[in-house]
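Chain by chain, the residues:
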Amino acid sequence: MNFATQDNNLAQAKPLRDGGTGTPRDEDPAGQDPGRDPAPQDPQQDPQAARQARHRRRYAWIGTLASVVLFVISLGVLGKLVSTVTWAELRTAFLAATPNQIGVAIALVVVSYLFLTCYDALALRQLKLKVPYRTTALASFTSYAVSFNLGFPLLTAGTVRYWIYSGQGLSPGRIAALTIVAGFTFWLGMGAVLGISLIREAEPLSHLTYTSVLFNQGLGLATLAAVVAYLAWVSVKRRSVKVRGWRLELPGLKLSLSQMLVGAGDVCAAAGVLYVLLPAGHGVSFEAFVAIYVLAAMLGIASHAPGGLGVFEATVLLALSGLPRESVLGALLLFRVCYYLIPFVVALAALGAYEIAKRARLTPREAPDDDAESEPTS
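Because the structure is predicted, anything quoted here is derived from the model rather than measured.

Visitor: Outline the overall build of the chain, supporting the account with residue identities and numerical values.
Guide: Helices and strands together make up the secondary structure of the chain, namely 13 helices and four strands. Out of the 378 residues belonging to the chain, those deemed buried represent 43%. In the chain, the proportion of contacts linking residues at least 24 apart, taken out of those at least 6 apart, comes to 71%. With an accessible surface of roughly 20200 Å², the chain has 65% of that area assigned to carbon and sulfur atoms.

Have a look at this one:
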């Protein structure tokens, strides 16, 4: 059983009223989230399950160790790169951005976050859940803005999504599924943009990153081949993945293509924010810069640092080592302010306003009941 093959009642996200109490709940007559596999057997009674559990723990430790090593190395590289930059030079570079640059950057931030709201919209469509777009936009924007700054996206973004979507009657399992499907949108877009950029800008990138043209083209072809293979895989028949006991049906070809386009639009807009903040006359084409941005973002994600902090900056500084270091660093700091800090503040304000509005809507409903209870009986 999976999320996409439930009957029509289970597929609707509109809340029911539970027993006349007025409390919304997800339509799940079994009392459990749909898509959940049967309870696993006791590992002590199932040797194969025990071996799989040991393998999972081993891979988890390897992944964690690799992330820590990547983060530490990146901090060392970043420290060495910025050691020659003085505070005066950095302040001058930070303030060198023109109002026109900042205005275009803010506009591209808005475009990028609008694309991010489409992540959740496509995921809800795949799960056959009907939620108003204003709620989808609020949940998507705030969850990404918070997780980008605090890190641990499964925890932070999942908590924010649950806070908002649970009011629409979505159960924790459905919200987790939504988060997973939205993640596919991100990676499809990143893969498509990276592959095309590496192939088309192989020679300029070879001068920036000190790699060969053939290596860049080979990596680009491999990335595009992986994206095309995935699209072909989901187009043949319905596919599903199993994540922590949940079996989730993946989007088909049509919806996957939509995910890829939305993800690519988001990546290009986000890269454009940093691109317009770079010093004038840098001579780097936007298409080549997008490949650098995607690689830096991927390494930042692999490090599990909030927003790829340190790792992202080190990668960009290395790739753009031919430009004045203080100017690139100033652009990176301004990018952090525009793309991370400002949306984070707006998201906190939006969440506060949402909670106040929710409590204001609940108060009139509760007031008559309170009055009825306090009224003396004759």
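What follows picks up the thread again.
Visitor: Residue-level account of the nonpolar core, with values.
Guide: Within soluble globular proteins, side chains that are nonpolar generally end up buried alongside one another. In terms of nonpolar packing, the biggest core is built from 54 residues, with F289, L320, F335 and Y339 touching the most fellow members. Elements represented by at least two residues in this core include exactly α4 (99-126), α5 (133-150), α7 (172-200), α10 (253-277), α11 (286-303), α12 (311-319) and α13 (325-374). Beyond its immediate stretch of four places on either side in the chain, L320 contacts L278, V284, F289, I292 and V328. Ranked by size, the runner-up nonpolar core spans 20 residues in total, among them I164, Y165, I175 and A177.

Visitor: How would you explain the layout of surface pockets if you had to name every residue and give the values?
Guide: Empty space within the largest pocket amounts to approximately 1600 Å³. Lining the largest pocket are 47 residues, with F152, P153, L154, T179 and I301 positioned closest to its centre.

Visitor: An account of the packing of aromatic side chains is needed here, citing residue identities and associated values.
Guide: By the definition in use, this model includes 19 aromatic pairs. Taken together, a centroid distance of 5.3 Å and an interplanar angle of 75° make the contact between Y275 and F286 edge-to-face. Taken as a pair, Y275 in helix α10 and F286 in helix α11 lie far apart in primary sequence, eleven residues in all. A residue is classified by how much of its surface remains accessible, and F286, at 32% relative accessible area, is partly exposed.

Visitor: Summarise the packing of α11 against α12; cite the residues concerned and give the values.
Guide: Following both chains from N to C, one finds α11 and α12 inclined at 150°, their axes separated by 8 Å at the closest point. Judged by the angle between their axes, α11 and α12 are roughly antiparallel. For the element pair α11 and α12, the recorded crossing hand is right-handed. Contacts between α11 and α12 involve I292, Y293, A296, A297, L299, G300 and S303 from the first element and V311, F312, T315, V316 and A319 from the second. Tallied by class, residues from the contact of α11 with α12 come to nine nonpolar, three polar and no charged.

Visitor: So what about the packing of helix α6 (residues 153-165) against α7? Which residues, and what values?
Guide: When two helices pack together, their arrangement is given by the angle between their axes and by how far apart the axes lie. Interhelical geometry of α6 versus α7 gives an angle of 125° and a closest axis separation of 10 Å. When the axes of α6 and α7 are compared, the pair comes out oblique. The interaxial crossing formed by α6 with α7 has right-handed handedness. Within the contact between the two elements, α6 uses L154, R161, Y162 and Y165 and α7 uses P172, I175, L178, T179 and A182. Along the lines of polarity and charge, the residues of the contact of α6 with α7 split into seven nonpolar, one polar and one charged.

Parameters at a glance
- Residues numbered from 1 in each chain as written.
- Predicted model: local features only at pLDDT ≥ 70, side-chain atom pairs only at ≥ 80, totals over all residues.
- Heavy atoms only, no water.
- Helix = DSSP H or I, 4+ residues; strand = E, 2+ residues; numbered from the N terminus.
- Buried < 20%, exposed > 50% of the residue type's maximum accessible area, 1.4 Å probe, protein only.
- Contact = heavy atoms within 4.5 Å.
- Areas by Shrake-Rupley, 256 points an atom, 1.4 Å probe, with all protein chains shown as cover.
- Core = buried A, V, L, I, M, F, W, Y, C linked by side-chain atoms within 4.5 Å.
- 1 Å grid on protein atoms, 1.4 Å probe; cavity = no way out; pocket = protein on both sides within 12 Å on 5 of 7 lines; lining within 4 Å.
- Points joined across faces, edges and corners; volume = space filled by probe spheres on them.
- Phe/Tyr/Trp six-rings, centres within 6.5 Å; stacked < 30°, edge-to-face > 60°.
- Axes fitted to C-alpha atoms, helices over the stretch in contact; angles between N-to-C directions.
- Parallel < 35°, antiparallel > 145°, perpendicular 65-115°, else oblique.
- Left-handed = near helix turned anticlockwise from the far one by under 90°.
- Nonpolar A, V, L, I, M, F, W, Y, C, P; charged D, E, K, R; others polar.

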